[in-house]
Amino acid sequence: MARVRVRGAELFHEVVGEGEPLVLVHGSLTDHYTWQAVVPALAASFRVLVYDRRGHSGSTRTSSNGVRRQHEDDLAALMETLGLAPAHVAGNSFGASTALGLALRRPELFRSLIAHEPPLLGVIRGDDPVHVLVRAAQEGIDTAVSLILAGEESEGVRRFMEDVALGPGSWAALPARVRTALVANGRAFADEQRDPGWASLDLTRLSGFTGRTLLTYGTESPAWLPPVTIELSRSMPRAELRGLDGAGHIPQVSHPDAYAAMVREFTASA
């Protein structure tokens, strides 16, 4: 792994493999490690970039780590600095939100886009029956953030994982190394949630993105997540929508072989 300085921060990253560039963008609380199970398979076909977003694990922690546009601009600068643009970009969770946000402003950086369950709660209308699920998810997020800011990082992160992102019992099932990293990145997560625009996206501009896009959701994900992805697909008439059978919020971890095969198949068609 190496570090490169972009936009006043050093970003921890690794580039492996040969072929067209593929950039993998991790979600909230996690880091590049969340992609480890799929990188070897993908590196056989692509030049793969994994990295820690600003404020996470091996990258610079600044006074403000959470404004999504900052992460979008970091992603653009990293791709350009390393000579990897345009690239196929795959994002998970908040990483998917980051990739989608950048695609609206810098479409020329993308060969294709794969986004799994971006938690863009703001796209669900208040009169949509699904909104009750969204409201419950937001309450769970708010509880987790309050605990983190009160110094109870471990409990806050555990509550987020179990009540919002992965489901009951998920915390104990995670490897100790992963739990440690999640807790260490708790403050970055709290920063993300304090960004007023973290959960919103301009759907009108999104409808104008013409790049090849695959939107995915897990059939076993918490109930509030798939409807958000489905709603986004309605604003992207050219996007393909796909449910990943048996998968949850982090398919590259739970179903790495199937996820890697999906990336290869979709990018080949793009």
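Just so it is clear, the structure is predicted and the values come from calculations on it, not from any experiment. (Residues numbered from 1 in each chain as written. Predicted model: local features only at pLDDT ≥ 70, side-chain atom pairs only at ≥ 80, totals over all residues. Heavy atoms only, no water.)

A few points about the sheet that holds strand β6 (residues 110-116)
Point 1. Read from one edge of the open sheet, eight strands run β1-β2-β4-β3-β5-β6-β7-β8, paired in mixed fashion. Where the open sheet ends on each side, the last strands, each with one partner, are β1 (2-6) and β8 (240-244). Strand after strand, the sheet turns through a mean of 25 degrees between neighbouring axes, direction not considered.
Point 2. Sheet topology places strand β3 (residues 20-25) next to strand β4 (residues 46-51); five bridges connect them, and they run parallel. Bridge pairing in β4 places L22 opposite V48. (Pairing = 2+ DSSP bridges. Helix = DSSP H or I, 4+ residues; strand = E, 2+ residues; numbered from the N terminus. Axes fitted to C-alpha atoms, helices over the stretch in contact; angles between N-to-C directions.)

Things to note about the side chain of H88
Point 1. Looking at where H88 falls in the secondary structure, it is placed in strand β5 (residues 87-92).
Point 2. By relative accessible area, which is 3% here, H88 ends up buried.
Point 3. Of note is the side chain of H88, whose polar atom sits 2.6 Å from the side chain of S112. (Buried < 20%, exposed > 50% of the residue type's maximum accessible area, 1.4 Å probe, protein only. Polar contact = N/O pair within 3.5 Å; in protein donor to acceptor, adjacent residues only side chain to side chain.)

Overview of unusual backbone geometry
Point 1. Along the chain, A85 connects to P86 via a cis peptide bond; the corresponding omega equals 0 degrees.
Point 2. Along the chain, the position of P86 falls in the loop between α2 (68-81) and β5.
Point 3. Positive phi is not limited to glycine here, since R7 has a value of about 50 degrees.
Point 4. Within the secondary structure layout, R7 lies in the loop between β1 and β2 (9-16).
Point 5. When its relative accessible area of 42% is taken as the criterion, R7 is described as partly exposed.

Regarding the packing of aromatic side chains
Point 1. Applying the stated criterion across every chain, the model contains three aromatic pairs.
Point 2. Ring centres of F110 and F209 lie 6.3 Å apart, and the angle between their planes is 80 degrees; on these two criteria the pair is classed as edge-to-face. Taken together, the residues F110 in strand β6 and F209 in the loop between α9 (203-207) and β7 (213-218) connect sequence positions 99 residues apart.
Point 3. We classify F110 as buried; its relative accessible area is 9%.
Point 4. We classify F209 as buried; its relative accessible area is 8%.
Point 5. Where F160 meets F189, the ring centres are 4.6 Å apart and the plane angle is 45 degrees; that geometry is what we call tilted. With F160 in helix α5 (residues 153-165) and F189 in helix α8 (residues 186-193), this pair connects stretches of sequence that are 29 residues apart. F189 carries the same exposure label as F160, and that label is buried. (Phe/Tyr/Trp six-rings, centres within 6.5 Å; stacked < 30°, edge-to-face > 60°.)

Some details on the layout of surface pockets
Point 1. In this model, the largest pocket occupies a volume close to 590 Å³.
Point 2. Around the largest pocket, the lining comprises 30 residues; the ones closest to its centre are T34, L166, L174, I250 and V253.
Point 3. For the lining of the largest pocket, the element with the highest residue contribution is helix α7 (residues 176-184), accounting for four residues.
Point 4. Looking at side-chain class alone, the lining of the largest pocket contains 15 nonpolar, twelve polar and three charged residues. (1 Å grid on protein atoms, 1.4 Å probe; cavity = no way out; pocket = protein on both sides within 12 Å on 5 of 7 lines; lining within 4 Å. Points joined across faces, edges and corners; volume = space filled by probe spheres on them. Nonpolar A, V, L, I, M, F, W, Y, C, P; charged D, E, K, R; others polar.)

A short note on the pairing of β6
Point 1. Summarising burial for β6: six of the seven residues are buried, a large majority.
Point 2. With six bridges joining them, β5 and β6 adopt parallel strand pairing. Each bridged residue has a counterpart across the sheet, and for N92 the counterpart in β6 is H116.
Point 3. Each parallel crossover has a hand, and the one from β5 via helix α3 (residues 94-105) to β6 is right-handed.
Point 4. Direction of pairing for β6 relative to β7: parallel, over a ladder of four bridges. For I114, the partnering residue across the bridge sits in β7 and is L214. (Right-handed = clockwise from strand over helix to strand, strands pointing away.)

Points about the pairing of β1
Point 1. Note that β1 and β2 share five bridges and pair antiparallel. Paired with V6 across the bridge in β2 is A9.
Point 2. Counting the residues that bridge the hairpin from β1 to β2 gives two residues, and of these R7 lies at a positive phi of roughly 50 degrees.

Regarding empty space enclosed by the protein
Point 1. In this structure the tally under the stated criterion is one cavity of 30 Å³ or more.
Point 2. Along the walls of the largest cavity sit 14 residues, with S93, P119, I141, F160 and W224 positioned nearest its centre.
Point 3. Take the lining of the largest cavity: its biggest share by element is three residues, from α5.
Point 4. Considered class by class, the residues forming the lining of the largest cavity number ten nonpolar, four polar and no charged.

Fair warning: the whole summary comes from geometry, so function is off the table for now.
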